[in-house]
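Topology and contacts: notes
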Amino acid sequence: MSDTKTLVGTEFVEDASTIEHDRTAIEIKKKENIRDIHPAAGKCKFGEEKQMTKTYFDELLENCDVPVDDVPLLTKTNISSYGASSCKFFLLTGIYQDENFSYLDHDVSYYENDGVLNVLYSVLDFIVNKFEQDLIGSSSDKSFNDLKNIRLIIGGGEERTYDVLRHAFSLLINPDANAKNETKRFFNDSRVNILYDKLVENVIILKSVAYLMSDEDEAKKVIDPSEVINTPSLALYYDCVIDRSYIAIEWGKGRTLVHLAYMLFGLYATEKPKLTLNIQYDQIEQIKEVIADQQSDQVLLEKALGYISDDPLFNTVYTDSDILF
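Predicted model only: the values in this text are computed from it and were never measured. (Residues numbered from 1 in each chain as written. Predicted model: local features only at pLDDT ≥ 70, side-chain atom pairs only at ≥ 80, totals over all residues. Heavy atoms only, no water.)

Regarding the environment of F131
Short version of the rule: Numbering of helices and strands runs from the N terminus; a helix is a DSSP stretch of H or I covering at least four residues, while a strand is a stretch of E covering at least two.
Its place among the elements puts F131 in helix α3 (residues 116–136). Note: C-alpha distance between F131 and F144 (13 residues apart in sequence) is 8.7 Å.

Written out as structure tokens, the structure reads:
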């Protein structure tokens, strides 16, 4: 764009500074005292809306108990993050000692040079250690066996010809008995194997919605983030008390982002939720009208829309060749 004004919905604003989360120590928020810590908690009644808007989502984030940046956190209320484009997120939910909990990691690790089993073990081992430290308080197998209704959803990252992280977690989708045994023998860790067993058939892998930014745009972004249209990214909010999740595909400059599409779902159904993207056609048409005389922005919008699929799920499952040591 020719000046510093950027798009929010169909309005322009001058302020295009970036948002920075506070760096919070790893902790778990208790339901019984959450109102004392966050008096505004519960102000925005998530789950009452049948359709989501960017304004409503911003209110959810503003009142979120546990915003996650680069430190993975656990909560027993609600949790959120945004900006998952080149980075990934892992949202794991479950029940421990009759209380719902959720764990969210906004992960910037680079996995592409590792084998699928090493990648899968690395992530599961990290989660197990966090649970031992911040949720369970014990390394005993019995304590880990007490985890119930475990669900995991994975998203983010740029589209790649071979996405080792997604292929690694596809090992949890309908593996045969031999694959399960070989995988657990490779892990050789009872706690990781317990989590692995609980996650089999309980993993949702989202397709990537992001592409690699050009080196030129990356350099401009370092100097002034408000002058570069970001590659599409995911923002998410999860309320583990009512089992309600919102994931949006965001696009725009700096902090002035619009939602191109979103998903609204729960994770605790008997069957896996049938995820569908609600594409914001009216919003997209309004954006096109606003940038009608800005060719470069039009090209990037069309590129972003090309990454939105009617089926948001990554469906590749393992083959025998994936079980490599």
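Moving on, there is more to tell.
Comments concerning the packing of aromatic side chains
Selection criterion: Stacked, edge-to-face and tilted labels apply to pairs of Phe, Tyr and Trp rings (six-membered ring for Trp) whose centres lie within 6.5 Å, assigned for plane angles under 30 degrees, over 60, and everything in between, in that order. Any residue under 20% of the maximum accessible area for its type is buried, any over 50% is exposed, and the rest in between are partly exposed; the area is computed with a 1.4 Å probe on protein chains only.
This model, assessed by the stated rule, comprises 9 aromatic pairs. Ring plane angle 50° and centroid distance 5.5 Å describe the contact between Y211 and Y307, whose orientation is recorded as tilted. Remark: Y307 occurs in the segment after α10 (295–305) and Y211 occurs in the loop between β10 (203–205) and α8 (215–223); sequence separation between them is 96 residues. The class of Y307 is partly exposed, set by a relative accessible area of 21%. Members of the aromatic cluster, each reached through a chain of ring pairs, are Y121, F186, F187 and Y196.

Overview of the pairing of strand β12 (residues 244–253)
Two faces, one strand: in a regular strand the side chains alternate between the faces of the sheet. Inclusion rule: Here, strands pair whenever DSSP counts at least two bridges between them.
By the criterion of burial, β12 is predominantly enclosed, with 9 of the 10 residues buried. Between strand β11 (residues 233–239) and β12, which pair antiparallel and follow one another directly, the connecting turn spans 4 residues, one of which, D243, has a positive phi of 55°. In terms of strand pairing, β12 meets strand β13 (residues 256–265) through 9 bridges, oriented antiparallel. Its bridge partner being in β13, E250 is matched across the sheet by H259. Hairpin remark: β12 followed by β13, antiparallel, with 2 residues in the connecting loop; positive phi at G254, about 55°.

Details of the packing of α3 against helix α7 (residues 190–199)
Quick reminder of the rule: Lines fitted to C-alpha atoms define the axes here, with helix axes fitted over just the stretch in contact, and angles between the N-to-C directions of these axes take values from 0 to 180 degrees. Each angle receives one of four descriptions, namely roughly parallel if under 35 degrees, roughly antiparallel if over 145, roughly perpendicular if within 65 to 115, and oblique otherwise. Contacts between residues were defined by any pair of non-hydrogen atoms, one from each residue, lying within 4.5 Å. Charged means Asp, Glu, Lys or Arg here, nonpolar means Ala, Val, Leu, Ile, Met, Phe, Trp, Tyr, Cys or Pro, and polar covers whatever is left, Gly included.
The contact between α3 and α7 brings their axes to 9 Å, and the two run at 105°. When the interaxial angle is binned, α3 and α7 end up roughly perpendicular. Mapping the contact onto sequence places L120, Y121, L124, D125, I127, V128, N129 and E132 in α3 and R191, V192, L195, Y196 and L199 in α7. For the contact of α3 with α7, the class distribution of residues is 9 nonpolar, 1 polar and 3 charged.

Describing the pattern of salt bridges
Selection criterion: The term salt bridge refers to a pairing of a side-chain nitrogen on Lys or Arg with a carboxyl oxygen on Asp or Glu at a separation within 4 Å.
The final tally for this structure, using the stated rule, is 10 salt bridges. The residue E99 makes a salt bridge to K76 at a minimum N-O spacing of 2.7 Å. Separated by 23 residues along the polypeptide, E99 in strand β8 (residues 99–107) and K76 in the loop between β5 (73–75) and β6 (78–84) bring together distant segments of the chain. The salt bridge involving R166 is made with D163; its shortest N-O contact spans 2.7 Å. Relative accessible area serves as the criterion here: at 3%, R166 is assigned to the buried category. When salt bridges that share partners are traced, they join E285, K288 and E302 into one network.

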